[in-house]
Amino acid sequence: MENAILIHGGAGSPYSMNSVLEDILKNIKFENNPLNMVINPVISMEDNLLFNAGTGSVPRIDGSIQMDAAVMSGREFGSVICIENVKNPVLVARDVMTKSPHIMLSGDGATEFARMMGHEYYNPQTERSMERLRKFMEETGKTGMPDKFKFLEKKTGDTVGAVVRINGKFAAAVSTGGAFPMLRGRVGDSPIIGAGIYAGDKGAVVATGIGEEIARNLLSYSIYSQIGQQSLETIVKREVDSFAVSCGIIAITGDEYISYSNTTMAYAYREF
Ligand code: ASP
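Residues numbered from 1 in each chain as written. Predicted model: local features only at pLDDT ≥ 70, side-chain atom pairs only at ≥ 80, totals over all residues. Heavy atoms only, no water.

Participant: Looking at this model, I keep getting lost on the sheet that holds strand β5 (residues 160-166). Mind explaining?
Facilitator: Working definition: the strands of a sheet are paired by backbone hydrogen bonds and lie parallel or antiparallel to each other. Spatially, seven strands are ordered β4-β3-β2-β6-β5-β1-β11 in an open sheet, and the strand pairing comes out mixed. Bordering the open sheet on either side are β4 (104-106) and β11 (265-271), each of which pairs with just one other strand. Neighbour-to-neighbour, the strand axes of this sheet turn through a mean angle of 5°, independent of strand direction. With three bridges joining them, strand β3 (residues 76-83) and β4 adopt parallel strand pairing. (Pairing = 2+ DSSP bridges. Helix = DSSP H or I, 4+ residues; strand = E, 2+ residues; numbered from the N terminus. Axes fitted to C-alpha atoms, helices over the stretch in contact; angles between N-to-C directions.)

What follows is the structure, encoded as structure tokens:
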């Protein structure tokens, strides 16, 4: 099978953004290493302030920006949870996987680890993301915890993710500012192995959407574990269609790939 890469711009991102993603795939450096290859487009998306990842990440309701990112390749995994003031969380997640004895680091510990690994202070805040918080505060008159109904009703996406197949090997990466609105310290599906991301010998899967519901269903591993039993399309559609809240998946196997969502979700695919 051809080597291939598939990326998404988050559940809720408009299809008009497909061209932005296609440009990213046109311009990234192509390499033979699945881990590097899956990280390259995620770095570009983190650096693009249109996406809710890295620069442009949505703030927490206290105004702080905490980001989650994860990588998985073969059976190796690394993630950072609620990391602050770094430019590319996905690169710190890679360092967790390749340079630490751990698989997940969170909060201040993740940020301290990033500094130890040479990731300099960087403020990912943008005017657009702070405007979103200001509007939400105005609309709801809230300054504290939103009630649960509003919490689910108002969440949108723009998280980014990528899956890759190179010479029969697979890798996955994901990066997000989280699902707005959310409390400081909130953790979604993205940095949790098996929830927002999974990769192994049979393929790679990345999820986007309402992280709480995705994690409750251990969605990425659930899809991964069914690979080979039915077509990838049948498996992914059945899983995603069972969600009452926004949910999207990109997945790749030895001979199939799919981008599918119960809402709009920009994506791009390329063989190389
Ligand atoms: N799944 C992400 C989260 O809940 C958000 C998203 O994909 O839009 O943090």
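Participant: What exactly am I supposed to notice about the packing of aromatic side chains here?
Facilitator: Pairs of aromatic rings are described using the distance from one ring centre to the other and the angle between the two planes. Summed over all chains, the structure comprises six aromatic pairs. Consider the rings of Tyr257 and Tyr269, whose centres lie 3.5 Å apart with planes at 5°: the pair is stacked. You can see Tyr257 sitting in strand β10 (residues 257-261) and its partner Tyr269 sitting in strand β11, a full twelve residues away along the chain. Looking at Tyr257, the relative accessible area reads 40%, which means it is partly exposed. (Phe/Tyr/Trp six-rings, centres within 6.5 Å; stacked < 30°, edge-to-face > 60°. Buried < 20%, exposed > 50% of the residue type's maximum accessible area, 1.4 Å probe, protein only.)

Participant: Explain the sheet that holds strand β7 (residues 197-199) here, please?
Facilitator: Pairing is antiparallel across the open sheet formed by four strands, whose spatial order is β7-β8-β9-β10. Looking along the sheet, the strands with just one partner apiece sit at the ends: β7 and β10. Going from strand to strand, the sheet's axes swing by 5° on average, the running direction of each strand aside. Where β7 and strand β8 (residues 203-209) come together, three bridges link them in antiparallel fashion. Of the residues in β8, the one forming a bridge with Ile197 is Val206. Packing of helix α8 (residues 219-226) onto the sheet brings it into contact with β7, β8 and β9 (247-253), and relative to β8 it is tilted by some 145°. Along the sheet face, helix α9 (residues 232-241) touches β9 and β10 and points at about 20° away from the line of β10. (Contact = heavy atoms within 4.5 Å.)

Participant: Is there a simple way to think about the site of the ligand in this case?
Facilitator: Around the ligand lies a shell of eleven residues, among which Thr159, Arg186, Asp189, Thr208 and Gly209 are the nearest. Between the ligand and Asp189, the relevant distance is 2.6 Å, taken from a nitrogen atom to a side-chain nitrogen or oxygen of the residue. Taken by itself the ligand offers 270 Å² of open surface, and the protein chains cover 99% of this. Class assignment for the residues of the shell around the ligand results in one nonpolar, eight polar and two charged. (Near = heavy atom within 4 Å. Polar contact = N/O pair within 3.5 Å; in protein donor to acceptor, adjacent residues only side chain to side chain. Areas by Shrake-Rupley, 256 points an atom, 1.4 Å probe, with all protein chains shown as cover. Nonpolar A, V, L, I, M, F, W, Y, C, P; charged D, E, K, R; others polar.)

Participant: Help me understand the side chain of Asn52 in this model?
Facilitator: One can find Asn52 in the loop between α2 (34-47) and β2 (67-73). For Asn52, a relative accessible area of 2% puts it in the buried group. A polar contact of 2.7 Å, which involves the side chain of Asn52, links it to the backbone oxygen of Gly178.

Participant: Explain the confidence of the model for the chain to me, please; I cannot follow it from the model alone.
Facilitator: Regions with low pLDDT carry predicted coordinates that are not meant to be interpreted in detail. Of all residues in the chain, 94% have pLDDT values of 70 or greater, and the mean over the chain is 93. Contacts of residues 151-157 to residues separated by more than four positions or lying in other chains number 21 contacts, the stretch itself having pLDDT below 50. (pLDDT = per-residue confidence, 0-100.)

Participant: Would you explain the pairing of β10 in this entry?
Facilitator: When a strand is regular, its side chains alternate between the sheet's two faces. For β9 and β10, the ladder comprises five bridges, and the chain directions are antiparallel. Among the inter-strand pairings, Ile249 is bridged to a residue of β10, identified as Tyr260. Between β9 and β10, which pair antiparallel in sequence order, lie three residues.

Participant: What am I meant to see in the nonpolar core here?
Facilitator: Here is a general trend for soluble globular proteins: nonpolar side chains tend to be buried in one another's company. Ranked by size, the top nonpolar core spans 41 residues in total, and within it Ile7 and Val90 carry the most contacts. With seven residues, the top contributor of residues to this core is α2. In contact with Val90, not counting residues within four places along its chain, are Ile39, Val42, Ile43, Glu46, Ala69, Ala70, Val71, Ala173 and Val174. By size, the runner-up hydrophobic cluster in this structure holds 34 residues, among which are Ala70, Ala199, Val206 and Met265. (Core = buried A, V, L, I, M, F, W, Y, C linked by side-chain atoms within 4.5 Å.)

Participant: Hey, could you run me through the environment of Lys87 in this one?
Facilitator: Considering the arrangement of structural elements, one finds Lys87 in the loop between β3 and α3 (89-99). A residue is classified by how much of its surface remains accessible, and Lys87, at 35% relative accessible area, is partly exposed. In the structure, Lys87 is positioned 44 residues away from Ile43 in sequence and 9.0 Å away in space, judged by C-alpha atoms. Contacts of Lys87, omitting those with residues within four sequence positions, involve Glu46, Asp47, Gly54, Thr55 and Tyr122. A distance of 3.4 Å separates polar atoms of two side chains, one belonging to Lys87 and the other to Asp47.

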